[in-house]
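Letter by letter, the chains look like this.
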Amino acid sequence: MEEGARSCLLRFRHRLEQDIKPSYLMDHMISDGVINVDEEERIRTQDQAVALLELLLRKDNRAYISFYNALVKETYDDLANLLYDDLPQISANAHKSSSDGWTPHVQMVLSEGGVPQRPVVFVSRPELLNRVRERLYRLQKEPGWVTVFGMAGSGKSVLAAEAVRHQGIIEECFPGGVHWLSIGQLDKPDLLVKIQSLCFRLEQSLDSQSLHRPPNSLDEAKERLRFLMLRRYPRSLLILDDIWDSTVLKVFDIQCRILLTTRNRSLTDSVSGAKYEVEVASGLDENKGLEILALYTKTNPQGLPEEARSIVRECKGSPLVVSLIGALLKEKPNRWRYYLCQLQQKQFKRIRKSSSYDYDALDQAMAASIEVLPDEHQELYKDLTVLEKDIKIPAKVLSILWDLEPEEVEDILEEFVNKSLLFVDSHNKPYLYYLHDLQLDFLVEQNRTQLEQHYRDDPPTSGDEECLYWIRFLTYHMARANLSQELYSLMFSLDWVSIKAQIMGPAHLINDYVEYGPILDKEFQEFLSLNGHQLEQRPFPDVVQLALSQPPTSEVYRQALLQAQDRASKG
Ligand code: ADP
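The rules behind the values
- Residues numbered from 1 in each chain as written.
- Predicted model: local features only at pLDDT ≥ 70, side-chain atom pairs only at ≥ 80, totals over all residues.
- Heavy atoms only, no water.
- Near = heavy atom within 4 Å.
- Polar contact = N/O pair within 3.5 Å; in protein donor to acceptor, adjacent residues only side chain to side chain.
- Areas by Shrake-Rupley, 256 points an atom, 1.4 Å probe, with all protein chains shown as cover.
- Helix = DSSP H or I, 4+ residues; strand = E, 2+ residues; numbered from the N terminus.
- Nonpolar A, V, L, I, M, F, W, Y, C, P; charged D, E, K, R; others polar.
- Pairing = 2+ DSSP bridges.
- Buried < 20%, exposed > 50% of the residue type's maximum accessible area, 1.4 Å probe, protein only.
- Contact = heavy atoms within 4.5 Å.
- Axes fitted to C-alpha atoms, helices over the stretch in contact; angles between N-to-C directions.
- Parallel < 35°, antiparallel > 145°, perpendicular 65-115°, else oblique.
- Left-handed = near helix turned anticlockwise from the far one by under 90°.
- Salt bridge = Lys/Arg side-chain N within 4 Å of Asp/Glu carboxyl O.
- Right-handed = clockwise from strand over helix to strand, strands pointing away.
- Patch = residues over 30% accessible without salt bridge, like charges linked within 9 Å, V, L, I, M, F, W, Y side chains within 5 Å.
- Lys, Arg positive; Asp, Glu negative; His and termini not counted.
- Charge placed at Lys NZ, Arg CZ, Asp CG, Glu CD.
- Phe/Tyr/Trp six-rings, centres within 6.5 Å; stacked < 30°, edge-to-face > 60°.

Participant: An account of the site of the ligand is requested, with residue identities and associated values reported.
Facilitator: Around the ligand sit 18 residues in total, of which V123, G153, K156, S157 and V158 are the nearest. One nitrogen or oxygen atom from the main chain of V123 is found 2.8 Å from a nitrogen atom belonging to the ligand. One of the backbone nitrogen or oxygen atoms of V158 is found 2.9 Å away from an oxygen atom of the ligand. For the ligand, the accessible surface in isolation is 560 Å², of which the surrounding protein chains cover 93%. When residues of the shell around the ligand are traced back to their parent elements, those giving at least two are α10 (156–163) and α17 (319–331). Within the shell around the ligand, the residues separate by chemical class into 10 nonpolar, six polar and two charged.

Participant: Describe in detail the environment of W145, supporting the description with residues and values.
Facilitator: Tracing the backbone through its elements, the reader meets W145 in strand β1 (residues 144–149). For the pair formed by W145 and Y276, sequence separation is 131 residues and the distance between their alpha carbons is 6.1 Å. At 2.9 Å, the side chain of W145 and the backbone oxygen of S272 are in polar contact.

Participant: Now, about the sheet that holds strand β6 (residues 393–394): what can you tell me, with residues and values included?
Facilitator: Across the sheet, three strands lie side by side as β6-β8-β7; this open sheet has antiparallel pairing. In this open sheet, the two edge strands, each paired with only one partner strand, are β6 and β7 (423–425). Here β7 runs beside strand β8 (residues 432–434); their pairing, made up of three bridges, is antiparallel. Opposite V424, over in β8, you have Y433 as the bridge partner.

Participant: Describe the environment of D425, listing the residues and the values that go with them.
Facilitator: You can see D425 is positioned in strand β7. Residue class for D425 comes out buried when judged on its relative accessible area of 13%. For the pair D425 and Q117, spaced 308 residues apart in sequence, the C-alpha separation works out to 8.3 Å. With near-sequence residues (within four places) excluded, D425 lies in contact with K392, Y431, L432 and Y434.

Participant: Please give an account of the packing of helix α3 (residues 22–31) against helix α6 (residues 61–73) that cites residues and values.
Facilitator: Packed helix pairs are characterised by how far apart their axes lie and by the angle those axes make with each other. Between α3 and α6, the least distance of the axes is 9 Å, while the angle of their chain directions is 130°. The orientation of α3 relative to α6 falls into the category oblique. Considering how the two elements wind past one another, α3 and α6 form a crossing that is right-handed. The segment α3 lies against α6, with L25, H28 and M29 engaging A63, S66, F67, A70, L71 and K73. When grouped by side-chain class, the residues that make up the contact of α3 with α6 number six nonpolar, two polar and one charged.

Participant: Before we move on, could you go through the sheet that holds strand β4 (residues 257–262) and cite the residues and values that matter?
Facilitator: Note: strands within a sheet are paired through backbone hydrogen bonds, in either parallel or antiparallel orientation. If you walk across this open sheet you meet the five strands as β2-β3-β4-β1-β5, and the pairing is parallel. In this open sheet, the two strands that pair with only one neighbour each are β2 (178–182) and β5 (274–279). In this sheet, adjacent strand axes meet at a mean angle of 15° when their direction is disregarded. Pairing analysis gives six bridges linking β1 to β5, with the strands arranged parallel. Pairing of W145 across the sheet is with K275, part of β5.

Participant: Explain the side chain of S554 to me, using residue names and the numbers behind them.
Facilitator: By secondary structure assignment, the location of S554 is in the loop between α29 (543–547) and α30 (555–570). For S554, a relative accessible area of 5% gives the class buried. Of note is the side chain of S554, whose polar atom sits 2.8 Å from the backbone oxygen of P551. From its side chain, S554 meets the backbone nitrogen of Y557 in a polar contact 3.2 Å long.

Participant: So what's going on with the pattern of salt bridges? Residues and values would help.
Facilitator: Here the structure, examined in full by the defined rule, presents 22 salt bridges. A salt bridge links E17 to R13; the nearest nitrogen and oxygen atoms lie 3.3 Å apart. Taken together, the residues span about one helical turn, with E17 and R13 both in helix α2 (residues 13–19) at a distance of four residues. This pair shows no difference in class: E17 is buried, exactly as R13 is. Residue E286 is joined to R313 by a salt bridge in which the shortest nitrogen-to-oxygen separation is 3.0 Å. Of this pair, E286 sits in helix α15 (residues 286–297) while R313 sits in helix α16 (residues 306–314), and the two are 27 residues apart along the sequence. The class for E286 is partly exposed, based on a relative accessible area of 25%. Members of the salt-bridge network, linked through shared partners, are R13, E17, E54 and R58.

Participant: So what's going on with the pairing of β4? Which residues, and what values?
Facilitator: Burial analysis of β4 places six of its six residues in the buried class, which makes it a mostly covered element. Because side chains alternate across β4, one face comprises the buried residues R257, L259 and T261, and the other comprises I258, L260 and T262, equally buried. Where strand β3 (residues 237–243) and β4 come together, five bridges link them in parallel fashion. In the strand pairing of β4, L238 is matched with I258. Note on the crossover from β3 through helix α14 (residues 246–251) to β4: the handedness is right-handed.

Participant: Can you tell me about a negative patch on the surface, naming the residues and giving the values?
Facilitator: Side chains of D403, E405, E407, E408, E410, D411 and E414 sit close together on the surface and give a patch of like negative charge. Within the fold, E414 resides in helix α22 (residues 406–418).

Participant: Just give me the short version of unusual backbone geometry, but keep the residues and values in it.
Facilitator: For D242, which is not glycine, the phi dihedral falls at a positive 65°. Locating D242 in the fold gives a position in strand β3. Although it is not a glycine, Q255 adopts a positive phi angle of roughly 60°. Looking at where Q255 falls in the secondary structure, it is placed in the loop between α14 and β4.

Participant: Account for the pairing of β2, with residues named and values stated.
Facilitator: Looking along a regular strand, one sees side chains alternate from face to face of the sheet. Summarising burial for β2: four of the five residues are buried, a large majority. Sheet topology places β2 next to β3; five bridges connect them, and they run parallel. Pairing of V178 across the sheet is with L237, part of β3.

Participant: Which residues make up the packing of aromatic side chains, and what values go with them?
Facilitator: Per the counting criterion, the structure on display carries five aromatic pairs. With centroids separated by 6.2 Å and ring planes inclined at 45°, the aromatic side chains of Y68 and Y84 adopt a geometry described as tilted. Remark: Y84 occurs in helix α7 (residues 77–84) and Y68 occurs in helix α6; sequence separation between them is 16 residues. Judged by relative accessible area, Y68 falls into the buried class, the value being 13%.

Structure follows, in structure tokens:
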């Protein structure tokens with residue numbers, strides 16, 4: 001249901017709940033086909049008016065209109081008048097329309113499905129777009145796969161999002177809605193988490209009351225999804241963004257409708273059903289590339305300097321690179337020659353060649369973006385290496401990581417976003433920030449070199465590099481992924497206290513307990529604040545012994561006792 005209609009229902013909800021007699025209204029709505037007999041039955045067992053409104057709020061524009069008509073027929077003229085102004089416009093030719101539909105309805109469907117908005121500077125690519133839409137229309141009558149493939153940064157995700165921003169596609173092909181899922185490179189546990197949250201999202205918008213246990217294996221997840229897509233969301237589209245691995249696709253091989261973006265053309269070989277593809281082979285043509293630079297620098301395309309054309313050529317029209325350079329030029333409009341030279345001379349060789357991308361221009365462009373940041377912000381930006389692919393985080397997490405005031409963090413993030421170094425999901429309040437996967441790869445590459453340097457100068461005494469990383473950041477990642485239960489068990493274990501304090505020192509450990517204090521037990525904090533100084537000593541003290549000095553009723557003591565008994569029994 002579009003925003004205006006929903007907001008109107010919410011505003012007058014109490015009046016409606018007090019005044020209506022649902023049983024008569026529901027008869028009309030059933031004959032309009034907007035609610036079914038099961039739903040009516042369920043409503044009859046509850047406070048009917050409240051339940052009907054609850055249901056209505058989860059329905060589409062047609063349900064609103066049907067409800068309005070029912071009010072008129074049952075002579076609730078006052079109530080009908082309240083709803084009149086926000087009646088959604090369903091135009092007579094909506095189903096024939098091929099225009100670029102930006103109707104509130106399309107907007108609503110896309111934002112509910114998590115489809116990303118257009119980038120700030122956007123140019124249309126009509127030919128490619130039509131090709132994708134034409135393939136999508138083939139999914140109108142039967143399930144199947146549409147693959148959009150091409151190299152990193154070629155604009156596949158933007159294209160996929162744009163393809164569904166269209167009234168005909170939404171209303172004729174996918175009336176069941178569109179659901180966007182960012183995949184990226186991930187392992188099986190991460191994939192399971194993704195599908196769990198997809199199932200949660202789908203189930204929640206159906207019925208907020210029923211709380212299902214999340215599926216706990218990939219097989220179970222696949223079955224849950226199959227049921228949801230077949231029975232509850234028929235004729236809907238799943239968009240899987242940035243797939244690397246065909247094992248991921250197998251989980252989605254459930255006879256539904258899928259649009260996927262990938263760098264690997266042959267992924268769908270291993271799944272069944274109808275398959276169509278669109279290649280994003282070339283970059284932007286020259287004029288489109290120039291248009292981007294013109295939009296960033298607020299000049300008209302004719303007024304661009306001669307270097308502009310060379311820049312577009314040099315990076316072969318890569319939308320990503322042109323946008324990155326455009327954003328740089330927006331800040332420093334007299335640097336056309338400079339950035340062109342940087343691209344041409346491939347001056348940013350610091351990045352190791354293991355990068356999987358076809359040409360260096362991407363790395364170079366990114367290094368250039370980072371280089372213009374003030375020194376202290378460059379350091380902060382490097383800290384973003386701890387983000388994981390496709391995880392979006394609120395500013396608050398960074399204010400912990402950087403130890404800065406939230407307002408300051410917001411300003412810095414805004415700067416990064418404006419320079420195309422970071423992306424923001426503004427569907428969400430508070431805003432969520434994330435890196436483009438190219439940017440993250442770049443940072444990891446760059447940081448790896450630095451890490452190696454660091455350890456050469458100051459070799460770690462125990463544990464390898466990766467292990468150290470985990471000991472340092474595990475709590476942080478868990479907290480960010482909302483794994484409070486897991487975080488709780490980890491930090492609430494004496495083994496962890498002992499390992500982390502030995503390797504990272506008690507300051508890090510105590511810092512964790514302060515940071516995540518609100519979800520933890522006070523006893524552990526007390527234990528650490530009393531014994532922190534001892535954990536600094538070498539040889540490292542016996543944590544179990546220290547813990548045994550705590551009050552016998554405490555969890556710290558209980559665990560220590562168990563460990564002591566365990567030791568005794570092993571001799
Ligand atoms: P891919 O999915 O192929 O890796 P994206 O679709 O994420 O690439 O695009 C990478 C970047 O390129 C975007 O963040 C945006 O800055 C720029 N870009 C892509 N397509 C367009 C477009 N049509 N207009 C303007 N900029 C674009």
